[in-house]
Each structure stands twice: as structure tokens, then as C-alpha cells.
Amino acid sequence: MRVVKSVSSIWLLSLASAFAFQSSPVVQRHGAARRLVVKPITSLSAAQDEEVATIQILMSDTGGGHRASANALRDAFNVLHETEPARFPFPIHCDIVDIYTDYGPFFPYNQYVALYKIMAEYDFLWKWFYEFGSTPLGLWLNDFMLELTCFEPFKECLTRDPMNIDKNDKRADMIVSVHPLCQDLPLKVLNSLDTNGASRKEGRTTPFVTVVTDLGGAHPTWFNDGVDKCFVPSDVLKNAALDRSVKENKIVQYGLPIRRGFWRFGADYSGAPEKQNEAEEMGGVHHKPTIRERLGLLDIPTVLIVGGGDGMGGIVAQAQAVGEKLQRLASASSSSYQMVVICGNNKSAQSSLSPPQTQWGSDIEVNVKGFVDNMDEFMRASDILVTKAGPGTIAEASICGLPCILSSFLPGQEEGNVPYVVENGFGCYEGSPEGIADTVEEWFASEGTMLGQMRDCALTAARPDATLDIARDIADMVYVRKEDVKKGGKNAVPATRAPIPYGMGPL
């Protein structure tokens, strides 16, 4: 009962703050007070900008995957314009915005990133908020509070000029969401904008798509039938979308949008991507010994331990346990092993694992790195990956044919990624540093048999063309939008296309 009262008190306090905010149309943005100007604004481009399509990508930096996905789509649009000019004759400019950090009116909305880091450190907090937020009451409260407190700030975001974000005189031609909390309210705002304030429930003409960046499980807020398209990476999430009443003809399944270095094994996209030869690439530009030499690594069995961009996940204890185990294995087998540890922005972990604080055995080679921007090369140089169960990292590992040991997961959000890896046959879950070390030893001791089988399974699960497939569909939609606007004015409805099943992407 005390918990219920506490929760009720928090929500009442939030409601009071919300009403206080609603009484004044002034909102803090980028540290400066700015008065909201509510006026009908069209997504029509000016005549001089007609040959540039604009897309606003909504996200929040709660974890590195959302911005990475947004950047991947932006890069894919650029590549398509360069390599397929007949189909994509003019460029697409992307305005990527952390809508909560930049436009959240007050706590907790403008502090989601900091709160994410705190909750990710304490599983019980994350589990409670995630599970409560998935209940009918939690979903209603979230929807109610967002609309009450954030409608006007989000309207300012959605009316900003993608080519000059300090102005609000021109809207993006299309909206793309890559975050679970960027569907419901932005759709209501667009309904209002496209009907000049007549309705928040219907009337939207600006194209809107969701690109789900989770893999084996997803929060219900990802799915809203009001979108034009919902791109999902797996059968599990297709079923989750259907359970949330998203119509099947709106669901498109390709895979996860991932960084350019992982597209079709990082092939040169000066030609048609579908014509690249995977076997030739693995034996050529992505030949493992060649990559190791380029990275300054030895050409010996290698385990890669990563903590994500934030360096989270107990990486110090994991590296120490694996290092000790590999030293004993090397001494017993007269072999040598290599361990690469990428600590991300965790400078404390990097310092702890580097000499003189840690001295490693003579039979293992250890490289400790901070944040790197060539993770694709380190993955391709490795034989085993130890990582938390982040969806992007798992998708990237499968493309590299890299067996995974999953060390941790966020309850609810990442929990479904574990069976995705296990059932697809390219990894396992071990929650303790000792269990991780034992598994690394077992896999290396199999003399390549287990690793070879898991590598083949990983490549079978890989979706290296997903980013470009998603980008093609979105680019087609924004091009149609611009053409319809030219012909029929601001209320022209973009043409829709039937979803293309995975593996049947446009040629």
C-alpha cells in the first residue's frame, strides 16, 4: 500500500508541475528560454530546396543503439543517392534529434539519458519501470503525461527547419522514429499540424515510419497502428507488432539498421550491393590475418570483450577472469592466445586493466582500448565475442560470423535477445566472469570445431543488407511525398506500397 501511495504522490506532483508548465508557453531549449509560436506550418519545401528531401529522425540517447541506427540510415540515404542515382536522383538530408534531451520541458523528460544510466546499473529499477510501463495502466499514464506536458515542446521540434534548426518556418518532408517513446505523441502532433489544429486523432498527411531497433523483445510503446510503415528485425517483433494491432500490411521485416562497416561485410558500394560476393570479400579485403596486422594484433586465437559505448557490464572482472583462464590454457597446451578489451568511455576500466595496475601472463597478448570507431575491424579480427546482450552488437556479430558469449542483459528490453542468439546457434549466456572464462576455454579447446559451427550459424542469421533495404523503402516514400506535394498541395497523401517480404527487396 505504501508503494501505491508513493507512486500516486509522484504522479500527482508531476501533474502539478505539468499544469504549471501548461500555463506558460515558454520552454527551455538548449539552455535558453524560447517562446513557442503556434501556427500552421506546411512540410512543403521552398522552390530553391525542391531537389533535397528532408527527413527528421526522432530518438533519444538512452543507450548508443538509437543514435547509431539513425546515423546508419543517414549514411544509407547518402550511399543510395551516390550509387543508384537513376532511382534516387536527389539527396536526402537528415535532421537527427534527441527529442527528449533537447525538447523535454522539465525533469524527468529532459533527463532521460542520465536516468537511463542509473537504472541500467540497477536491474531491479529497470525491471520495475519496464514492466510497469508495459501494463495498461502504465501505458495510459505515459500517454496521458506526455500529451499533457510535452505536446507544445514536441510541436516545436516537429516544426523546426531540418536545414536550419534555429528556425521554425519549414517542416521535414517525413518523420522516422528509432525510439520506443517517439511514436504516440509525435503522431498526435502531426495530426494537429496537418489539420491546422482541428484534430489530434486523425488527419495526418506527413509520412511517418517506425524503425524498431530492438531484436528479440520490444516494449509495447514501439508499436502504433497510426504509422505508415513499421520496420521490424525478427519474427518475434513482427508478432509483437501484430499483438499491438499494427496491421500486417504495414509491417516490413528486413533486419536491424547497423553501421556502414557491417553492410554486406563492409563491401565497396560503388556497385550494386546485391552483387557483392561474400566468400570473395572474406578472403580478400576482410581477410582475418590482414585485419589483425592492420590493427597491430598477432595472428593467433583472439577473444574480444566489449562493454559498449558506455563501458557498462562488469568488464574488468570479465577480462581478469578470461585472462587468467587463457594463461592457464596456454601453459597447458603450449599455445598462445590473445585478448582485446574495448572499454568504451569507461576510463576507469581501461586504467584498471592496463599495466602497471594489471600484469598479464607471458603466454597471452592483451590489448586494452578505450572508445573505438572501427568496431567492425575488431570483430572481424576476433574468434569469440563477450558482450552484453545489446541488439545492435548481436546483429553486427552475426554479420561477422562471430560466436557470442552474452554476459548480461537489461530485464525485459534485452532479455529476448538471449534466446535469439541461443536458438540461432551462435552463442550462449553466462552471467558470471568465471562462467564466461570457462566457456572461452571450452570453445578454444575444441580446436575450432565448435567455433566453426557457430560461425556458420551466425552467418545464416546475418542480415547485412537490412540497412539499405530499409533506407530504400523510406527513400521511396519521401520521394513520393515530394512528388505528390508538387502535384496536389500540402495535403497530398503519399502513395503506399505493399510491404516486401525479407529477401525480396527491390533490385
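Data block above holds the structure.
Residues numbered from 1 in each chain as written. Predicted model: local features only at pLDDT ≥ 70, side-chain atom pairs only at ≥ 80, totals over all residues. Heavy atoms only, no water.

Draft legend 1. The arrangement of the packing of helix 4 (residues 112-121) against helix 5 (residues 123-133) in detail. For the pair helix 4 and helix 5, the least separation of the axes is 5 Å and the interaxial angle reads 115°. In terms of their interaxial angle, helix 4 and helix 5 are classed as roughly perpendicular. Between helix 4 and helix 5, the contacting residues are Y116, M119, A120 and E121 on the first element and D123, L125, W126 and F129 on the second. Across the contact of helix 4 with helix 5, the residue classes tally to six nonpolar, no polar and two charged. (Axes fitted to C-alpha atoms, helices over the stretch in contact; angles between N-to-C directions. Helix = DSSP H or I, 4+ residues; strand = E, 2+ residues; numbered from the N terminus. Parallel < 35°, antiparallel > 145°, perpendicular 65-115°, else oblique. Contact = heavy atoms within 4.5 Å. Nonpolar A, V, L, I, M, F, W, Y, C, P; charged D, E, K, R; others polar.)

Draft legend 2. Region of interest: the sheet that holds strand 9 (residues 302-306). With parallel pairing, six strands are arranged side by side in an open sheet as 11-10-9-12-13-14. Looking at the sheet topology across the chains shown, the edges are occupied by strand 11 (364-369) and strand 14 (427-429). Going from strand to strand, the sheet's axes swing by 15° on average, the running direction of each strand aside. Bridge count between strand 10 (residues 337-342) and strand 11: six bridges; the pairing is parallel. Each bridged residue has a counterpart across the sheet, and for V341 the counterpart in strand 11 is V368. Docked against the sheet, helix 11 (residues 315-333) engages strand 9, strand 10, strand 11 and strand 12 (384-387), running at close to 175° with respect to strand 10. (Pairing = 2+ DSSP bridges.)

Draft legend 3. Spatial organisation of the pattern of salt bridges. This structure, assessed with the given rule, holds 26 salt bridges. Note that R171 and D194 form a salt bridge whose closest N and O atoms lie 2.9 Å from each other. Of the two residues, R171 sits in the loop between helix 6 (136-158) and strand 5 (174-177) while D194 sits in helix 7 (residues 184-194), which places them 23 residues apart along the sequence. Across this residue pair, the class does not change: R171 and D194 are buried. The closest approach of N and O atoms between D173 and K482, which form a salt bridge, is 3.7 Å. Of this pair, D173 sits in the loop between helix 6 and strand 5 while K482 sits in helix 18 (residues 466-488), placing them 309 residues apart in sequence. Taken individually, D173 and K482 each receive the classification buried, so the pair is uniform in this respect. Counted as one network, the salt bridges with shared partners bring together D143, E147, K188 and R200. (Salt bridge = Lys/Arg side-chain N within 4 Å of Asp/Glu carboxyl O. Buried < 20%, exposed > 50% of the residue type's maximum accessible area, 1.4 Å probe, protein only.)

Draft legend 4. Main features of empty space enclosed by the protein. On inspection of all chains with the given rule, the structure shows five cavities of 30 Å³ or more. In this structure, the second largest cavity encloses a volume near 80 Å³. In this structure, the second largest cavity is lined by L215, P233, G255, L256, I258, A395, S398, I399, Y420, A461, A462 and R463. Broken down by element, the lining of the second largest cavity gets its largest block of residues, three residues, from helix 14 (residues 391-399). Taken together, the residues of the lining of the second largest cavity sort by class into nine nonpolar, two polar and one charged. (1 Å grid on protein atoms, 1.4 Å probe; cavity = no way out; pocket = protein on both sides within 12 Å on 5 of 7 lines; lining within 4 Å. Points joined across faces, edges and corners; volume = space filled by probe spheres on them.)

Draft legend 5. Geometry of a nonpolar patch on the surface. There is a patch of nonpolar side chains on the surface, built from I118, Y122 and F124 and spanning about 350 Å² of accessible area. Tracing the chain through its elements places I118 in helix 4. On the basis of relative accessibility, which here comes to 45%, the residue I118 falls in the partly exposed class. (Patch = residues over 30% accessible without salt bridge, like charges linked within 9 Å, V, L, I, M, F, W, Y side chains within 5 Å. Areas by Shrake-Rupley, 256 points an atom, 1.4 Å probe, with all protein chains shown as cover.)

Draft legend 6. Highlighting the packing of aromatic side chains. Taken as a whole and judged by the stated rule, the model has 15 aromatic pairs. On the basis of an interplanar angle of 35° and a centroid distance of 4.7 Å, the ring pair of Y100 and Y112 is categorised as tilted. Linking Y100 in helix 3 (residues 99-103) with Y112 in helix 4, this pair joins segments that are twelve residues apart in sequence. Y112 matches Y100 in its accessibility class, with the two residues each being buried. Where F231 meets Y254, the ring centres are 6.2 Å apart and the plane angle is 25°; that geometry is what we call stacked. (Phe/Tyr/Trp six-rings, centres within 6.5 Å; stacked < 30°, edge-to-face > 60°.)

Draft legend 7. Inspection of the sheet that holds strand 4 (residues 92-98) at higher detail. Ordered by their spatial adjacency, six strands build an open sheet running 4-3-5-6-7-8, and the pairing between neighbours is parallel. In the strand order of this sheet, the two ends are held by strand 4 and strand 8 (251-253), each with one partner. Within this sheet the neighbouring strands show an average axis-to-axis angle of 20°, counted without direction. Where strand 5 lies against strand 6 (residues 208-211), three bridges are found, and the strand directions are parallel. Across the sheet, the residue bridging to V176 is V209, located in strand 6. Where helix 18 meets the sheet, its contacts fall on strand 3 (53-59), strand 4, strand 5, strand 6, strand 7 (229-232) and strand 8, and the angle it forms with strand 3 comes to roughly 125°.

Draft legend 8. Broad picture of the environment of L58. With respect to the element layout, L58 can be found in strand 3. Spatially, the C-alpha atom of L58 lies 5.5 Å from that of V97, the residues being 39 residues apart in sequence. Ignoring anything within four residues of it in the chain, the contact list for L58 reads V97, I99, C157, L158, I175, V176, S177, V178, H179, C182 and P186.

Draft legend 9. The arrangement of unusual backbone geometry in detail. With an omega dihedral of 5°, the bond running from F107 to P108 counts as a cis peptide bond. The topology assignment puts P108 in the loop between helix 3 and helix 4. If you check the backbone angles, S245 has positive phi at about 70° while not being a glycine. For S245, the location among the structural elements is in the loop between helix 8 (235-243) and strand 8. With phi around 60°, S334 is a residue other than glycine that occupies positive phi space.

Draft legend 10. Structural view of the packing of helix 16 (residues 433-445) against helix 17 (residues 449-461). Helix 17 packs onto helix 16 with a crossing angle of 100° between their chain directions and a minimal axis gap of 6 Å. When the interaxial angle is binned, helix 16 and helix 17 end up roughly perpendicular. Contact with helix 16, carried on its side by E442, W443 and F444, involves M450, L451 and M454 of helix 17 and no other residues of that element. Of the residues contributing to the contact of helix 16 with helix 17, the split by class is five nonpolar, no polar and one charged.

Draft legend 11. Representation of the environment of Y429 within the structure. Topologically, Y429 is positioned in strand 14. According to the relative accessible area criterion, Y429 is partly exposed, its value standing at 35%. As a C-alpha pair, Y429 and L406 span 23 residues in sequence and 4.6 Å in three-dimensional space. Ignoring any residue separated from it by four or fewer positions in sequence, one finds Y429 in contact with L406, S407, S408, F409 and V418.

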